[in-house]
Protein chains: 2
Amino acid sequence: MDANRRVLIAHLPAGALSPGDFALDEVPVRSPDEGEVVVETAAFTIGAGQRAGLQGSASYAGAPVAGRVMDGTGVGRVVASAADGVPEGTLVRGQLGWQSHPTVKAAHVEPVPEGTDPADALGPLGTNGLTAYFGLHDVGRPEAGQTAVVSAAAGSVGHLVGQMARNLGARVVGVAGTDDKCRLLVDDLGFDAAVNHRDPDFRTRFKEATPDRIHVYFDNTGGDILGSALFRMATHGRIVCCGAVSQYDTAAPDPSPRGIPGLLVNNRVRMEGFLLFDYADRYAEGRAQMAEWLAAGQLQPLATEFEGLESAGQAFVELLAGRTVGTTIVRVGPRRAELT
Amino acid sequence: MDANRRVLIAHLPAGALSPGDFALDEVPVRSPDEGEVVVETAAFTIGAGQRAGLQGSASYAGAPVAGRVMDGTGVGRVVASAADGVPEGTLVRGQLGWQSHPTVKAAHVEPVPEGTDPADALGPLGTNGLTAYFGLHDVGRPEAGQTAVVSAAAGSVGHLVGQMARNLGARVVGVAGTDDKCRLLVDDLGFDAAVNHRDPDFRTRFKEATPDRIHVYFDNTGGDILGSALFRMATHGRIVCCGAVSQYDTAAPDPSPRGIPGLLVNNRVRMEGFLLFDYADRYAEGRAQMAEWLAAGQLQPLATEFEGLESAGQAFVELLAGRTVGTTIVRVGPRRAELT
C-alpha cells in the first residue's frame, strides 16, 4: 500500500492565509485497529468556514492547533477493513482529512452509492447541500412569492440555497463578489437577480434588486453585506446566520453591523444562528430532497476542482479570495472513471 | 365641563430629555362627533420606549413632530358619549394621550372592569403586562429549570417578565441599575439573583449569576448589557429583543454589540425583535393569564406614581434616568376612591 500523504497546518495564519501556512508530509499507512478502516481518498472538499477553525480564538470547531492534519470531508474507497459491515471496496464519505490514506473509525464514515461523482457526494449530497437544505427549510422558511437573498451566492452553500429557494417559489437575489459570478447566477442557475458587493453603487443596486424588501436573508458572509441586508429586511423577515466568510481570513474582523437591536425590533426580524450537526438525525430527509431535485434537473451543482494534495493549500487561498465557484474540491486519488 | 389640559412636546430633545422639552396648554373640550367619546383621564402610563418616538429618525411609531400632544395609554371615565355601546360613565383604557379630557374614537378605547386600579389596568393588565406575556411566552419560551435573564428588570415590563418566568419554572436573574433595585427584585419579587450593571465588576458578577449560562434573555436595554448577555448565551438560547432603553435618551447611541453574527452561529442563538401590536388578536388570552396570576398572588405589580399633568415631563425624565420602579403612572383626575 502507498504511504499516507498528508497536508498539515504548519502555523496558524496571522493575517490572510497563504499556501506557505501548510506543509506536506508522508507517513506509513497505519493498519486498522478493530472497528477501523483505511480509506484511499478520491477527493475532499474545502469549506470557507474551516478558516474560522484556524483563528486564534476557538470557534465551534474547538481551539486550533498547529501541526495537525487539516480536517476535511472526503470521499474514498475502503482499501483495508477491520470493521464489520464496511468491507474493503466500499465507497464512503466522512471526515477523512487532507490525506491520501487515512485510517479512521468505520463509525465515522458512511457508504455512498456506487457511481456517485465525488463532487456530488461532497456538494449537493454532502455537507454543503445539507447546510443549504436545513438552513433554508428549517430556519429561513421562505414562502412562495417572498424574496430570498443569499450572500456568497456563487459559493459552495450559496449556489444551492438560491436554487432551492427558487424551487420553493421564492424570488431569489444573489450577492456575489464579481460580475462574472453574478452573470453565472442569473444566466445559468436561474437566480432572478444578482448584485456585486464590490460595485461602488452596491447599496443602490441591492435596493433596486429587492423592491419588496427581504423576507429571508441567508447570510454566509457577515460584515457589510449583512449590514446592508439588515436595513432591507421586510417585517417579520428571517436572517439565517450560516457563516461569516468576510470575517474569517483576517486578524482584524469588522465590527458588528449597525442597528442591533433597534432594526430587529422595529421590523420584528428574527436572526438565528445554525450549525448543520444539530440536524444529524435528519440528514436522510435532506439528501432525499436534494437527490430528487438533482434527478429532476432542478438543481445544478457547481464545483471548482483542484488536482492533487499539493494543490490543497492554494485551493483554500483561492476559495477565501473568492476565486472559486460552487463546491471547492481537491481530487486526490483515482479519477472518477476508475472509481465507478 | 373642565377645559382639556394637555402636555405637548415643545421641541424634540437634542440629547438627554429634560422637563423643559414639554409645554402645558389648555383648550376647550371638543364635543364628541358621531362615534366619539370624551374621557376624563384618571391616569396614564409612560413607557421608556416612547423616548424612541422622540428621536430624529422615525421609529416604528412614525416620525416625531414637535408641538403635538404626547401619546400615552391611559385609563379614565367617559363623561360624554356620541357612541353606541360606550355610555357615559364607562371606565375605559386606550390611547388617551397626556391630557385631562381627550375626545377620542370609541373604537379606540376598551372597557375596563369597574373597581380595577388604574395602576393595574395600565401595568400587568395593560400594555406592559401584555408585552411581558407575549415576549416571554411566544418569543422567549423558557422551559422549567432553564435560566431566564431580564434587563431593566425593575422596570415596567422587566419586573413582570421576571415574575412570569419564575411562575413558568425558570431560574430568574435580573439586571438593574442600582443595588436597591437588585435587593427589591430578590427580596420582594422572588428573583433568584440580580446584578447591578453599574457595578465595576458587573461582568464577573453576571457570570457568577448565570452558571448554567442563559437560555432566554429578555432584552429591554440593548447596548452593553445585551453585549454581555450575548457572550453568556446557552446553546440554542433565545434573545427577545423588546426594547433598547440604553439607547433612547441620547444623540449618540452605542455601536451594536460585538460578535454578530459569529456568536449567534457558534451557539445557535436566535435573536428576535417583537412588537406587542402583532398580538392584538390575543390580548384577551394574555390578560386572562396575568389576571389569574394576580389573583393567586403570584404576580406582584410595582408602580411609581406621579401626581398631576404638570409632573409628567419630570416623570418621563425620572423614568429614563432609572429612578422609577415598575410601571410609571401619572395620576391626573379623580383619585381611585372616587373612581370605583
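Described in the following lines is the structure provided in the data block. (Residues numbered from 1 in each chain as written. Chains lettered and ligands numbered in written order. Predicted model: local features only at pLDDT ≥ 70, side-chain atom pairs only at ≥ 80, totals over all residues. Heavy atoms only, no water.)

All right, on to the pattern of salt bridges then. Residue and element names in this part refer to chain B. Inspection of every chain in the model, using the stated rule, returns 36 salt bridges over all chains. In this structure, Arg6 and Asp25 form a salt bridge, with 2.8 Å as the shortest nitrogen-oxygen distance. Taken together, the positions of Arg6 in strand E1 (residues 4–9) and Asp25 in strand E2 (residues 22–27) put the pair 19 residues apart, joining distant regions of the chain. The residue Glu285 makes a salt bridge to Arg282 at a minimum N-O spacing of 2.8 Å. (Salt bridge = Lys/Arg side-chain N within 4 Å of Asp/Glu carboxyl O. Helix = DSSP H or I, 4+ residues; strand = E, 2+ residues; numbered from the N terminus.)

As a further point, take the interface of chain B and chain A. With 29 residues of chain B in contact, the opposing surface of chain A contributes 29 residues. Surface buried jointly by chain B and chain A totals about 2,100 Å² across both partners, of which 60% is contributed by carbon and sulfur atoms. Seen at the junction of chain B and chain A, the total is 4 salt bridges. Between Asp278 of chain A and Arg268 of chain B there is a salt bridge, and its shortest N-O distance comes to 2.6 Å. Linking chain B to chain A there are 15 residue pairs in polar contact (both at pLDDT 80 or more). Elements represented by at least two residues in the side of chain B that touches chain A include exactly strand E12 (233–241), helix H7 (262–266) and strand E13 (270–273) of chain B. For the side of chain B that touches chain A, the element with the highest residue contribution is E13 of chain B, accounting for 4 residues. Its residues assigned to classes, the side of chain B that touches chain A comprises 15 nonpolar, 8 polar and 6 charged. Where strand E13 (residues 270–273) of chain A meets E13 of chain B, 3 bridges bridge the pair, whose relative direction is antiparallel. (Contact = heavy atoms within 4.5 Å. Buried area = accessible area lost by both parts, 1.4 Å probe. Polar contact = N/O pair within 3.5 Å; in protein donor to acceptor, adjacent residues only side chain to side chain. Nonpolar A, V, L, I, M, F, W, Y, C, P; charged D, E, K, R; others polar. Pairing = 2+ DSSP bridges.)

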